[in-house]
Amino acid sequence: MPRWLSWWAYLGTGQEHAGPRAPWPVRAGGLPLVVYRNSLSVALLMIFAGSFLGHLLGGVHAYNQEQALESGAAPITAWQFLGTSDFWFQSMQNWQSEFLAVGVLILLSIVLRQHASPESKPVTAPHAQTSA
């Protein structure tokens, strides 16, 4: 395999030993297996992106209302709001809620799997074997 394609092997296109009780993505292989092997990372990334986008859109709305009341300033776009200190100050305060992130990680890792992670159950293990 060429060196530049090594990332593809890491994502999970390698052969897995799938027993008859293995979860269906393991038995199916291909793209379902790639997604399943990295499902914990995908889910956490989607939660992060959704919360970041929600904060951006809600924050720009609140910022525009506040600025209009205080100084009568014209509204700004979400893209412009990304460059304000208000946005980044609020973001850093929100990211301090690490306990939520840790709790989500624990709960999602009960059901989802991450290839090559010591904290995740094996990709090929049946759900019953891992108490899920």
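The structure under discussion appears in the preceding block.
So, here's what we can say about the structure. (Residues numbered from 1 in each chain as written. Predicted model: local features only at pLDDT ≥ 70, side-chain atom pairs only at ≥ 80, totals over all residues. Heavy atoms only, no water.)

## Overview of the overall build of the protein chain
And then number 1: The helix and strand tally for the protein chain stands at 7 helices and 0 strands.
And then number 2: For the protein chain, the α and β elements follow one another from N to C terminus as α-α-α-α-α-α-α.
And then number 3: Sorting the 132 residues of the protein chain into buried and exposed places 24% on the buried side.
And then number 4: Put simply, 50% of the contacts in the protein chain that link residues at least 6 apart link residues at least 24 apart.
And then number 5: In the form shown here, the protein chain has an accessible surface area of approximately 9200 Å², with 68% of it arising from carbon and sulfur atoms. (Helix = DSSP H or I, 4+ residues; strand = E, 2+ residues; numbered from the N terminus. Buried < 20%, exposed > 50% of the residue type's maximum accessible area, 1.4 Å probe, protein only. Contact = heavy atoms within 4.5 Å. Areas by Shrake-Rupley, 256 points an atom, 1.4 Å probe, with all protein chains shown as cover.)

## Some remarks on the side chain of N64
And then number 1: Relative to the elements of secondary structure, N64 occurs in helix α4 (residues 39–71).
And then number 2: Residue N64 is classed as buried on the basis of its relative accessible area of 16%.
And then number 3: With sequence-adjacent residues up to four places away left out, N64 is seen in contact with P75 and I76.

## Concerning unusual backbone geometry
Most peptide bonds adopt trans geometry, and most residues besides glycine take a negative phi value.
And then number 1: One non-glycine residue, A116, adopts positive backbone phi at about 65°.
And then number 2: Assignment of secondary structure puts A116 in the segment after α7 (98–111).
And then number 3: By relative accessible area, which is 62% here, A116 ends up exposed.

## Considerations on the packing of α4 against helix α6 (residues 85–94)
And then number 1: Two numbers describe how α4 lies on α6: the axes approach to 11 Å, and their chain directions differ by 135°. Judged by the angle between their axes, α4 and α6 are oblique. In this structure, α4 crosses over α6, and the sense of that crossing is right-handed. For the pair formed by α4 and α6, the contact residues are F52, H55, L56, G59 and Y63 on the first element and D86, F87, W88, Q90, S91 and N94 on the second.
And then number 2: Counted by class, the contact of α4 with α6 contains 5 nonpolar, 5 polar and 1 charged residues. (Axes fitted to C-alpha atoms, helices over the stretch in contact; angles between N-to-C directions. Parallel < 35°, antiparallel > 145°, perpendicular 65-115°, else oblique. Left-handed = near helix turned anticlockwise from the far one by under 90°. Nonpolar A, V, L, I, M, F, W, Y, C, P; charged D, E, K, R; others polar.)

## Here's the deal with the packing of aromatic side chains
And then number 1: Under the defined criterion, the tally for this structure stands at 6 aromatic pairs.
And then number 2: Ring centres 5.3 Å apart and planes at 45° place the aromatic pair Y63 and F81 in the tilted group. In this pair, Y63 sits in helix α4 while F81 sits in helix α5 (residues 78–81), placing the two residues 18 residues apart along the sequence.
And then number 3: The class for F81 is buried, based on a relative accessible area of 0%.
And then number 4: Among the aromatic side chains, those forming a connected cluster through ring pairs are F48, F52, Y63, F81, F87 and W88. (Phe/Tyr/Trp six-rings, centres within 6.5 Å; stacked < 30°, edge-to-face > 60°.)

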